[in-house]
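Each chain is listed here by its residues.
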Amino acid sequence: MADDGNEETRSGAGRAEDSEPSTGKAETMGLVLNLIVQTIVWFGFMGAIIFGAAGTTDYTGGWLYLGVMVLSSVVFGTIMARVDPSLLRERLKPPLQKDQPLADKLILIPILLLIFGGMGFMVADAARWRWSAMPSSVQWAGCGLLLAAMLFIYWIMRTNSFAAPVVKLQKDRGQAVITTGPYAIVRHPMYFGTLLPTFLGT
């Protein structure tokens, strides 16, 4: 869940469902299955980083993080498969795409390394080295903040049907600049919802 995907377009409405035929039940199930598989692979990889850095699987913070992220991804993704399948289809595409600007492709690798490296360092700090021990009340507050961030991101996607994970013009979907909901408060709410609350909560 990385980018707003609506920067270089003309003003207009915020939903794209009307421009595409509704998906059938089989296609919806296919989207949900794809969502579940990608969620297992992605957070399985994140789990390997977390518990590898912790040096143990007896790390409550790691299980809480994975639980919140997996549950919210599956629940919100399943809802999106029904209410906005075109957006879910976009978000399930690979991080490197044909219409993506070259600069975005080049910067993606250091961003991913920063995410994975930062996650590993935070876990090693908290669980292996114990440099920054936090009371359980603070850890639960962080878990709540992480859940709030996921709800905020879901609000973004319900407002902006063009919130693809990469920056690109979606002319085939009638892309338009969004000015309602969280976009009336901040120009790039996906960045705010992903970076600030998520990393503070983590």
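Our structure's up above, just so we're on the same page.
Residues numbered from 1 in each chain as written. Predicted model: local features only at pLDDT ≥ 70, side-chain atom pairs only at ≥ 80, totals over all residues. Heavy atoms only, no water.

Comments concerning the overall build of the protein
At step 1: Helix and strand counts for the protein stand at 6 helices and 0 strands.
At step 2: Reading the secondary structure of the protein in the N-to-C direction produces α-α-α-α-α-α.
At step 3: Burial analysis of the protein (202 residues in total) assigns 42% to the buried set.
At step 4: For the protein, the share of sequence-separated contacts (at least 6 apart) that also reach a separation of at least 24 residues comes to 81%.
At step 5: Taken as a whole, the protein presents about 11,200 Å² of accessible surface, with 69% of it coming from carbon and sulfur. (Helix = DSSP H or I, 4+ residues; strand = E, 2+ residues; numbered from the N terminus. Buried < 20%, exposed > 50% of the residue type's maximum accessible area, 1.4 Å probe, protein only. Contact = heavy atoms within 4.5 Å. Areas by Shrake-Rupley, 256 points an atom, 1.4 Å probe, with all protein chains shown as cover.)

Some details on the nonpolar core
At step 1: If you look at the biggest cluster of nonpolar residues, it comprises 38 residues, and the most contacted ones within it are Ile50 and Tyr65.
At step 2: Elements that contribute at least two residues to this core include exactly helix H1 (25-54), helix H2 (60-83), helix H3 (85-91), helix H4 (102-129) and helix H5 (136-159).
At step 3: No other element matches the 10 residues that H1 contributes to this core.
At step 4: With residues up to four places along the chain from it excluded, the contact list for Ile50 reads Tyr59, Gly62, Tyr65, Leu66, Met119 and Val123. (Core = buried A, V, L, I, M, F, W, Y, C linked by side-chain atoms within 4.5 Å.)

Some remarks on a nonpolar patch on the surface
At step 1: Taken together, the side chains of Leu33, Val37 and Val41 define a hydrophobic patch exposed on the protein surface, amounting to about 280 Å² of accessible area.
At step 2: Mapping Val37 onto the fold places it in helix H1. (Patch = residues over 30% accessible without salt bridge, like charges linked within 9 Å, V, L, I, M, F, W, Y side chains within 5 Å. Salt bridge = Lys/Arg side-chain N within 4 Å of Asp/Glu carboxyl O.)

Quick notes on the pattern of salt bridges
At step 1: The tally for this structure, following the rule as stated, stands at 2 salt bridges.
At step 2: Among the ionic pairs, Glu27 bridges to Arg89, the shortest N-O distance being 3.0 Å. Linking Glu27 in helix H1 with Arg89 in helix H3, this pair joins segments that are 62 residues apart in sequence.
At step 3: The class of Glu27 is partly exposed, set by a relative accessible area of 39%.
At step 4: Taking relative accessible area as the criterion, Arg89 reaches 28% and is therefore assigned partly exposed.
At step 5: The salt bridge involving Glu90 is made with Lys93; its shortest N-O contact spans 3.0 Å.
At step 6: On the basis of relative accessible area, Lys93 is assigned to the partly exposed category, the value being 33%.

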